[in-house]
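# Structural description and commentary
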Amino acid sequence: MARIELKDVRKVYGGNIEAIKGVSLDIEDGEMIVLVGPSGCGKSTLLRMVAGLEGISSGEVTIADKRVNELEPAERDIAMVFQNYALYPHMTVRQNLAYGLRNRNTPKDEIDRRITEAARALEIEPFLERKPRQLSGGQRQRVAMGRAIVRKPAAFLFDEPLSNLDAKLRVQMRVEIRRLQRSLATTSIYVTHDQMEAMTLADRLVVLNAGRIEQVGTPIELYEKPATTFVATFIGSPSMNLMKLGNGAGWQMSPDARLPSSAATIGIRPEDIVIANGHAPGPVRADVQVAAVELVGAESYVHALTADASPVVFRVAGRSGIQIGDSMGLTADPSRFHLFDAAGRRV
Ligand SMILES: Nc1ncnc2c1ncn2[C@@H]1O[C@H](COP(=O)(O)OP(=O)(O)O)[C@@H](O)[C@H]1O
Ligand SMILES: [Mg+2]
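The notes below deal with the structure included here.

## A short note on the side chain of Arg 269
One can find Arg 269 in the loop between strand E13 (265-268) and strand E14 (273-275). Buried and without a salt bridge, Arg 269 has Glu 271 as its closest oppositely charged side chain, separated by 4.9 Å. Polar contacts involving the side chain of Arg 269 include one to the main-chain carbonyl oxygen of Ile 235, which spans 2.9 Å.

Here it is, written out as structure tokens:
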């Protein structure tokens with residue numbers, strides 16, 4: 001087990017493409033860190049720099065307090081799990097699991113013991129003598145996990161390991177990865193573009209935007225106190241509504257809303273908007289017309305437009321009876337607002 005430290009790490013590709021623009025991060029022993037951000041923001045690059053698959057242009061990476069910048073991947077005591085499994089097709093599951101250990105001259109009875117242990121934890125004992133092509137996608141992903149586990153590395157590095165699986169299996173595997181990571185207490189960095197996966201897996205989330213850290217915190221901290229409009233709209237589904245102040249975006253604010261003068265943008269989560277019909281007008285109000293209703297089961301997401309055609313999304317009960325074209329007044333409690341300045345930073 002080990003801490004991982006990144007100190008002002010940068011990556012420049014081909015002399016001028018700056019993919020990672022100075023990232024510093026301390027990862028605690030046993031912690032599950034999730035790197036999340038849109039495609040192309042530098043998640044894989046950063047992970048591969050920790051793994052040793054990509055050179056570090058400047059800055060320092062330490063694993064267990066040891067500088068690893070100059071070490072080969074095999075010398076870093078880490079195990080990686082990818083989305084494409086990277087299993088050897090001509091080997092059985094057992095041979096795939098044993099391969100990395102044999103290369104390190106692990107004694108045979110120790111290899112057998114670790115394989116039995118990992119196979120039991122991952123419930124792949126019945127498939128040990130099969131070849132990867134005789135397994136389902138979910139089973140292959142378990143084998144890939146098993147291969148990482150048997151190594152007993154200082155850290156696990158995951159790069160979107162579940163993105164090839166169907167939605168139901170993805171949820172199931174995500175719960176299992178969380179359970180395994182907790183029980184093994186192995187320091188882990190997990191990369192995903194899926195904010196839901198990030199929220200449910202992370203001890204702490206790191207939101208990356210164009211090669212920089214936008215915010216670090218527990219999932220609930222990021223949800224309740226996003227530091228920037230980028231984090232505000234990236235975390236949470238449906239996304240937070242953002243309204244620019246002062247250009248008549250369709251929301252009427254009375255002075256009772258008591259907004260600070262530095263606030264340029266208001267963010268309201270879809271669950272914080274309520275239908276105001278029949279109530280006395282509160283300090284905040286918008287008259288909207290419904291453009292679409294998405295029924296997702298227990299609830300519906302209503303997409304509406306304000307008088308000046310700004311979009312608003314809010315949540316209602318599943319069978320709400322709300323129809324496209326309906327007109328209604330919306331309100332929200334100003335204490336639930338997220339306020340951002342002109343640069344998009346939380347006020
Ligand atoms: N080998 C490479 N050469 C040049 N540019 C690269 C290379 N790998 C990645 N990049 C660029 O670096 C940025 C980050 O890529 P990547 O780390 O793969 O993003 P993510 O994993 O978040 O989708 C992208 O703009 C990408 O085009
Ligand atoms: Mg990637």
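## Things to note about the packing of helix H2 (residues 93-103) against helix H3 (residues 108-122)
Axes are the key here: two packed helices are described by the angle between their axes and the distance separating the axes. Across the interface, H2 lies against H3 with an axial gap of 10 Å and an inter-helix angle of 130°. In terms of axis orientation, H2 runs oblique to H3. Of the two elements, H2 crosses H3, and the hand of that crossing is right-handed. Of H3, the residues touching H2 (which contributes Arg 94, Leu 97, Ala 98, Leu 101 and Arg 102) are Ile 111, Arg 114 and Ile 115. Considered class by class, the residues forming the contact of H2 with H3 number 5 nonpolar, no polar and 3 charged.

## Quick word on the pairing of strand E6 (residues 78-82)
Taken residue by residue, a regular strand's side chains alternate between the two faces of the sheet. Of all 5 residues that make up E6, 4 are buried, and the element is covered over most of its length. Across 5 bridges, the pairing between E6 and strand E7 (residues 155-159) is parallel. Its bridge partner being in E7, Met 80 is matched across the sheet by Leu 157.

## So, the nonpolar core
Within the largest apolar cluster, 44 residues are counted, with the highest numbers of intra-cluster contacts made by Ile 124, Met 145, Ile 177, Tyr 190 and Leu 205. A total of 6 residues in this core trace back to one element, the largest contributor, which is helix H4 (residues 137-150). For Met 145, the residues in contact, after removing those within four places along its chain, are Val 81, Leu 122, Phe 158, Ile 177 and Leu 180. In this structure, Leu 25, Leu 35, Ala 51 and Val 206 belong to the second largest nonpolar core, which totals 29 residues.

Scoring rules and cut-offs
- Residues numbered from 1 in each chain as written.
- Chains lettered and ligands numbered in written order.
- Predicted model: local features only at pLDDT ≥ 70, side-chain atom pairs only at ≥ 80, totals over all residues.
- Heavy atoms only, no water.
- Helix = DSSP H or I, 4+ residues; strand = E, 2+ residues; numbered from the N terminus.
- Buried < 20%, exposed > 50% of the residue type's maximum accessible area, 1.4 Å probe, protein only.
- Lys, Arg positive; Asp, Glu negative; His and termini not counted.
- Salt bridge = Lys/Arg side-chain N within 4 Å of Asp/Glu carboxyl O.
- Polar contact = N/O pair within 3.5 Å; in protein donor to acceptor, adjacent residues only side chain to side chain.
- Axes fitted to C-alpha atoms, helices over the stretch in contact; angles between N-to-C directions.
- Parallel < 35°, antiparallel > 145°, perpendicular 65-115°, else oblique.
- Left-handed = near helix turned anticlockwise from the far one by under 90°.
- Contact = heavy atoms within 4.5 Å.
- Nonpolar A, V, L, I, M, F, W, Y, C, P; charged D, E, K, R; others polar.
- Pairing = 2+ DSSP bridges.
- Core = buried A, V, L, I, M, F, W, Y, C linked by side-chain atoms within 4.5 Å.

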